[in-house]
Amino acid sequence: MIDHVGFAVTNLDASKTFYEAALAPLGIANLMTVTPEQTEAGGTAIGFGRDGKPFFWIGDNERVGEGTHIAFVADTRDQVDAFYRAAISAGGRDNGAPGIRAHYHPNYYGAFVLDPDGMNIEAVCHRPA
């Protein structure tokens, strides 16, 4: 089980706006902002999550990494579709429209977008239709 994940972004405001819109259909919201004085690395960090627990963080203090990928769990295929639409509307770029990815397993229904920094962001539902 993953407790939390974080990565650097080049424009904190643009990425904050993108993730607030893209993650809303999954029930994930901006829960916390940590100032440079409060972080170990010295930059601003924004924590997204649900049920009061931030588990996805973006920050402006480090170099953006290549090949970064994160998949968010969706409870339904409709949530995957809504994530994709919201992410594209918020400025994301298509990296794989919603659909079955049977090469992972028969019920793997995912959608992929590139965020403002080109990181591969996914929403996936593992449940049957």
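Conventions adopted
- Residues numbered from 1 in each chain as written.
- Predicted model: local features only at pLDDT ≥ 70, side-chain atom pairs only at ≥ 80, totals over all residues.
- Heavy atoms only, no water.
- Helix = DSSP H or I, 4+ residues; strand = E, 2+ residues; numbered from the N terminus.
- Contact = heavy atoms within 4.5 Å.
- pLDDT = per-residue confidence, 0-100.
- Core = buried A, V, L, I, M, F, W, Y, C linked by side-chain atoms within 4.5 Å.
- Buried < 20%, exposed > 50% of the residue type's maximum accessible area, 1.4 Å probe, protein only.
- Polar contact = N/O pair within 3.5 Å; in protein donor to acceptor, adjacent residues only side chain to side chain.
- Pairing = 2+ DSSP bridges.

**Thoughts on the environment of A123**
When you line up the elements, A123 lands in strand 9 (residues 120–125). The sequence separation of A123 and L26 amounts to 97 residues, and the corresponding C-alpha distance is 8.3 Å. A123 has contacts with L26, F72, V80, F83, Y109, G110 and A111, leaving out every residue within four places of it along the chain.

**Describing the confidence of the model for the chain**
A low pLDDT means the predicted coordinates there should not be read in detail. Model confidence for the chain is summarised by a mean pLDDT of 92, while 95% of its residues fall at 70 or above. Within the chain, the lowest mean pLDDT, 90, falls on strand 1 (residues 5–8), and the highest, 98, falls on helix 2 (residues 77–89).

**Comments concerning the nonpolar core**
Counting 27 residues, the largest nonpolar core has F7, Y19, L23, F56, I58, F83 and I121 as the members making the most contacts within it. Within the residue set of this core, elements represented by two or more residues are helix 1 (12–23), strand 3 (45–50), strand 4 (53–59), strand 5 (69–73), helix 2, strand 8 (109–114) and strand 9. Tallying contributions element by element places helix 1 first for this core, with five residues. Setting aside its immediate chain neighbours within four residues, I58 contacts F7, V9, L12, S15, K16, Y19, T44, A45, I46 and F48.

**Topic: the environment of R127**
Counting through the fold element by element, R127 comes out in the segment after strand 9. Each C-alpha atom, one on R127 and one on P106, is 9.5 Å from the other, the two residues being 21 residues apart in sequence. If sequence neighbours within four positions are ignored, R127 has contacts with D75, R77 and N107. Within polar-contact distance, the side chain of R127 engages the backbone oxygen of D75 at 3.4 Å.

**Let's talk about the pairing of strand 3**
Of all six residues that make up strand 3, five are buried, and the element is covered over most of its length. If you look at the hairpin formed by strand 3 and strand 4, you'll find two residues sitting between the two strands, and D51 has a positive phi there, around 55°.

**Overview of unusual backbone geometry**
Despite not being glycine, D51 shows a phi value in the positive range, around 55°. With relative accessibility at 77%, the residue D51 sits in the exposed group.

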